[in-house]
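# Architecture at a glance
Each chain, letter by letter, is given below.
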Amino acid sequence: MATERAIEMVRSDGREEKLEGAREIRRLAKTSSMHRRQLSGAIESLVSMLGSGDLDCNESALLALLNLAVKDERNKIKIVDAGALKPLINFLQSHNSNLQEHATAAILTLSASAVNKPTITAAGAIPLLVNILRDGSLQSKIDSVMALYNLSIHPDNLHIILSVQPVSPIINLLRSCKKSSKTAERCSALLESLMHFDEARNALTAVEGGVLRVVEVLEDGSLQGREHAVGALLAMCESDRRRYREVILKEGAIPGLLELTVQGTPKSQTKARMLLQLLRESPYARSKFQTDVLENIVINIVSQIDEDERSGKAKKMLAEMVQGSMERSLRHLQQRALVCNLADLHVTNCASEFL
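What this report covers is the structure whose coordinates are included nearby. Computed from a predicted structure; not experimentally measured.

The helix and strand inventory of the protein stands at 22 helices and 0 strands. Considering only intrachain contacts with a sequence separation of at least 6, the fraction spanning at least 24 residues in the protein is 66%. When the accessible surface of the protein is split by element, carbon and sulfur atoms take 51% of a total near 17,700 Å².

Written as structure tokens, this is what we have:
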């Protein structure tokens, strides 16, 4: 009954009833997936409220639609099909910071749908999102970079994102956020995708402390953030090893790379090892990456940055890695010995049955 009444209110002609209905839909849809589905019939009326020119109606309808779209793929698509993008694009350009913030959050939520990605891009959202990433409120910047990440998953969108020069504002946001946060994770993921393009690599090295910010995520980020950070650095070094090797070494990436080779995700470990090979003075050609190979690579690198205060940490980590490898080898030998002893015992028992 509550959902039916809320739908009737937003469909009415009275302004106050529409406002009350939108607020009730926002409340009902906030925590209930069942209500979100039941209230989908209000979407067209809420979208029409977005174009009313009434600030209170705009905000109330926008917040109601935002809650209806959360974790509901069908509602996301229905909101876009109902024509919500045109007013949302206008709100992204609004001087009203609350309206701009709510619109950015709405674009973020709607962009999670694969069906909506091309439509959102065609509506001209990407340049506006980058503008917000550059000049918006902190929350708008966070939602903007996450929306851009969602849109970047569609391969055709990377060139559009790159054309509006996003690297500098991404680094600025990365500089201010906690390196283990979801924000840093999305910034690093977006940078990893962009580092396959020469324009983005040029932009990153042109920003003061740009590579350092990526190295900081490599050291202190979440598991996924570190995976994306090492991927970004690897893409740079693979594209032009002569140009980027010294840049990456200068920012002290070695300790973080060493740690990733033993503590990262499987992808992180592989990427870290590949990057360590490239950072050598002469890249190692063998495909099988063993402990002695890693030791040679790291000694080669550390010897070149011996004056750097990070080298002590790198050497300590190397020693720990070698020790860990020896311990694993010893455990493996002990397990083999145990298996052999059990096999011998089994053979002896079997033989005694025939005596």
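Following the structure, the description resumes.
So, about the side chain of S140. Note on placement: S140 falls in helix 11 (residues 138-152). What S140 contacts, discounting residues up to four positions off in sequence, is Q100, E101, T104 and I132.

Moving on to helix 5 (residues 55-69). Over its 15 residues, helix 5 extends 21 Å from the first C-alpha to the last, a length consistent with the 21 Å expected when each residue adds 1.5 Å. Counting buried residues along helix 5, 13 of its 15 residues qualify, which places the element largely inside the surrounding structure. One side-chain oxygen at the N-terminal end of helix 5 lies 3.0 Å from the backbone nitrogen of D56; it belongs to D54.

Going through the model one piece at a time under the given rule, you end up with 2 cavities of 30 Å³ or more. Roughly 50 Å³ of internal volume is contained in the largest cavity. In this structure, the largest cavity is lined by L50, L62, L65, L66, A69, I79, A84, L88, A106 and L110. Mapped onto the lining of the largest cavity, the elements with two or more residues apiece are helix 5 and helix 8 (97-110). Broken down by element, the residue count for the lining of the largest cavity peaks at 4 residues, all from helix 5.

The next thing to look at is the side chain of K179. Position of K179 among the secondary structure elements: in the loop between helix 13 (167-176) and helix 14 (182-194). A polar atom in the side chain of K179 sits 3.1 Å from the backbone oxygen of C177.

Within the fold, V247 resides in helix 18 (residues 241-250). Considering only alpha carbons, one finds V247 and C237, 10 residues apart in sequence, at a separation of 9.6 Å. Other than its neighbours up to four places away in sequence, V247 contacts T205 and V211.

Ranked by size, the top nonpolar core spans 97 residues in total, and within it I25, L46, L88, L194, L233, L257 and L275 carry the most contacts. With near-sequence residues (within four places) excluded, L88 lies in contact with L62, A103, A106, I107 and L110.

Rules used in this analysis
- Residues numbered from 1 in each chain as written.
- Predicted model: local features only at pLDDT ≥ 70, side-chain atom pairs only at ≥ 80, totals over all residues.
- Heavy atoms only, no water.
- Helix = DSSP H or I, 4+ residues; strand = E, 2+ residues; numbered from the N terminus.
- Contact = heavy atoms within 4.5 Å.
- Areas by Shrake-Rupley, 256 points an atom, 1.4 Å probe, with all protein chains shown as cover.
- Expected span 1.5 Å × (residues − 1).
- Buried < 20%, exposed > 50% of the residue type's maximum accessible area, 1.4 Å probe, protein only.
- Polar contact = N/O pair within 3.5 Å; in protein donor to acceptor, adjacent residues only side chain to side chain.
- 1 Å grid on protein atoms, 1.4 Å probe; cavity = no way out; pocket = protein on both sides within 12 Å on 5 of 7 lines; lining within 4 Å.
- Points joined across faces, edges and corners; volume = space filled by probe spheres on them.
- Core = buried A, V, L, I, M, F, W, Y, C linked by side-chain atoms within 4.5 Å.

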